[in-house]
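Architecture and fold: a report
This is what each chain is made of:
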Amino acid sequence: MPMELTCQQLESILASYRQMELELRVKLDALRGPLEIKYGRPVILFIESRTKKAKSLIEKARRYGWPVNEGITKNIKDIAGLRVIVQHLDDIARVVDILKKRSDMRLVNEKDFVRNPKASGYRSYHLIIEYDMYAPEGPITRFAEIQVRTVGQHFWAVLQHSMMYKYGLEVPTHISENLRLIAEETNKADEKMMVMRQAVSRDLEVDEIRLYAKQLA
Ligand code: 0O2
């Protein structure tokens, strides 16, 4: 069995993920301008990114019963994670399509938690990609997770995550059930906002937009 990584080896692995995080962040951020020109409105609102800290990497490996050796980079594919926050539900597919077509990243796996939300109510589109880059030692390939979600889904995920953190694993049922219901309400609001945008962008008369709004209420 391969040897457990020393702290120094782990830090050097994490440094390569930080390099990838920065490169991907620039590439995703660079899409904002062209998309805004193409659709006449901001499609991508902002990008978030993080590379897991050594402590949380080790905790995740232990949770799954994986040894902290060189295999860790094959088992844990979200060591570097990026989030693309978009305006509307239909923008998710726009961004996902663009990412899947790129030749500088290869799709390894995708999870559609928008159509198939998690039991918690969580919605987002997850892509695991493989990315080639040049480390000081030479060319290397790494995995990264890219989450694409609406600003509404992001609002829910951020607040839910901070409440879950407070409760740890012992979340009272009434809290988790309420959070799931709020996720449903958030999704309805996302759908209404998308329909309103479609109505507005078709240059409807103000009366017609009012009618739309009334139908959705
Ligand atoms: P962080 O700090 O946000 O990155 P696993 O990676 O093993 O935990 P799995 O099934 O392999 O789970 O990966 P999955 O489900 O594709 O994605 C896990 C990530 O999705 C989490 O990463 C969160 O970012 C997000 N996520 C999944 N479910 C929920 C949820 O119920 N609420 C919120 N707020 N986020 C969720 P991390 O590493 O757990 O956290």
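Residues numbered from 1 in each chain as written. Predicted model: local features only at pLDDT ≥ 70, side-chain atom pairs only at ≥ 80, totals over all residues.

As recorded in an unreviewed UniProt entry, the protein goes by RelA/SpoT domain-containing protein and comes from Heliobacterium mobile.

Right, let's get into the site of the ligand. Around the ligand, the neighbouring residues are D78, G81, K111, K118, S120, Y122, H126, A157, Q160 and H161. Here the shell around the ligand is composed, by residue class, of two nonpolar, five polar and three charged. (Near = placed C-beta within 6 Å. Nonpolar A, V, L, I, M, F, W, Y, C, P; charged D, E, K, R; others polar.)

In this section: the nonpolar core. One finds V84, V86, I92, V95, A144, I146 and V148 to be the most contacted residues of the largest nonpolar core, which totals 27 residues. Those elements that place two or more of their residues in this core are helix 1 (7–30), strand 2 (80–86), helix 5 (89–101), strand 4 (125–135) and strand 5 (138–150). (Core = buried A, V, L, I, M, F, W, Y, C linked by C-beta atoms within 7 Å. Buried ≥ 20, exposed ≤ 12 C-beta atoms within 10 Å, placed from the backbone. Helix = DSSP H or I, 4+ residues; strand = E, 2+ residues; numbered from the N terminus.)

Note: strands within a sheet are paired through backbone hydrogen bonds, in either parallel or antiparallel orientation. The sheet built from five strands is open, its strands ordered 1-2-5-4-3 with mixed pairing. At either end of the open sheet lies a strand with only one pairing partner, and these are strand 1 (44–51) and strand 3 (106–112). Averaged over all pairs of adjacent strands, the angle between strand axes in this sheet comes to 25°, irrespective of strand direction. In this sheet, strand 4 lies alongside strand 3 in antiparallel orientation, the contact comprising six bridges. Residue E110 lies in a different strand from strand 4, and its bridge partner there is L127. (Pairing = 2+ DSSP bridges. Axes fitted to C-alpha atoms, helices over the stretch in contact; angles between N-to-C directions.)

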